[in-house]
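Structural description and commentary
Okay, here's what each chain looks like letter by letter:
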Amino acid sequence: MFKVDKLHMLIGLPGSGKTTFANSIENAEVIDFDYIYRECLEGLEIKVTSDKLEKLLPKTLTSNIVVLDGLFMDQSEVERILTLFLDWCSSKSIEVEKIILEYWRPDKKKCLWNVKDRNSDGVNLSIELFDLGKPSRKEIEKKFKIKTELNLYTIVKKKVEGK
């Protein structure tokens with residue numbers, strides 16, 4: 001059985017620094033849930049199912065550190081995605097030892113500043129409209145019976161290059 005020592009789930013608005021953080025974790029396998037969400041878009045609804053996840057995830061994991069990088073809005077979304085991902089892991093004989101919820105406190109002004117070069121009205125709209133909820137470590141630990149940690153971050157405003 002393959003073991004994932006740490007499963008990081010990144011929770012924050014676009015522009016909060018999730019992807020930068022994900023890419024800074026040495027030897028981590030990063031799973032881009034923004035890509036998965038785009039592939040699961042049906043009309044105006046995102047429908048992530050176990051069948052779709054099976055097609056979009058790698059055949060197996062290659063690192064014992066895994067990062068789920070995406071826009072997970074609230075407790076129910078976090079639990080839904082964790083359920084799907086952990087079921088996928090179970091089907092591949094992969095055991096997750098620890099879940100680490102990495103949560104960026106919402107700061108819409110800083111996020112809008114940080115994404116200004118992305119040229120995407122959809123990203124700006126996401127920041128303006130979404131109210132991001134802080135996940136409950138206790139609820140996740142209770143539901144999945146996996147040791148869970150919650151780390152809180154403050155969003156940093158990007159510096160303008162050349163200044």
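Residues numbered from 1 in each chain as written. Predicted model: local features only at pLDDT ≥ 70, side-chain atom pairs only at ≥ 80, totals over all residues. Heavy atoms only, no water.

1. Some points on helix α4 (residues 75-91)
- Under the 1.5 Å per step criterion, the end-to-end length of α4 is 24 Å for 17 residues, consistent within 8% with the ideal 24 Å.
- Looking only at α4, the buried set comprises Gln-75, Glu-77, Val-78, Glu-79, Ile-81, Leu-82, Leu-84, Phe-85, Leu-86, Trp-88 and Cys-89.
- Where α4 terminates, the next one or two residues include Ser-93, which has phi positive at roughly 60°. (Helix = DSSP H or I, 4+ residues; strand = E, 2+ residues; numbered from the N terminus. Expected span 1.5 Å × (residues − 1). Buried < 20%, exposed > 50% of the residue type's maximum accessible area, 1.4 Å probe, protein only.)

2. Topic: the packing of α4 against helix α7 (residues 137-144)
- Packing of α4 against α7 brings their axes to within 11 Å, and their N-to-C directions diverge by 30°. The pairing of α4 with α7 is recorded here as roughly parallel in orientation. The handedness of the crossing between α4 and α7 comes out as right-handed. Residues Gln-75, Val-78, Glu-79, Leu-82, Thr-83 and Leu-86 of α4 form the contact with α7, whose own contacting residues are Glu-139, Ile-140, Lys-143 and Phe-144.
- By residue class, the composition of the contact of α4 with α7 is 5 nonpolar, 2 polar and 3 charged. (Axes fitted to C-alpha atoms, helices over the stretch in contact; angles between N-to-C directions. Parallel < 35°, antiparallel > 145°, perpendicular 65-115°, else oblique. Left-handed = near helix turned anticlockwise from the far one by under 90°. Contact = heavy atoms within 4.5 Å. Nonpolar A, V, L, I, M, F, W, Y, C, P; charged D, E, K, R; others polar.)

3. So, the environment of Cys-89
- Checked against the element boundaries, Cys-89 lands in helix α4.
- For Cys-89, a relative accessible area of 1% translates into the label buried.
- As a C-alpha pair, Cys-89 and Leu-61 span 28 residues in sequence and 8.8 Å in three-dimensional space.
- In contact with Cys-89, other than residues within four places in its own chain, are Leu-61, Ile-94 and Val-96.

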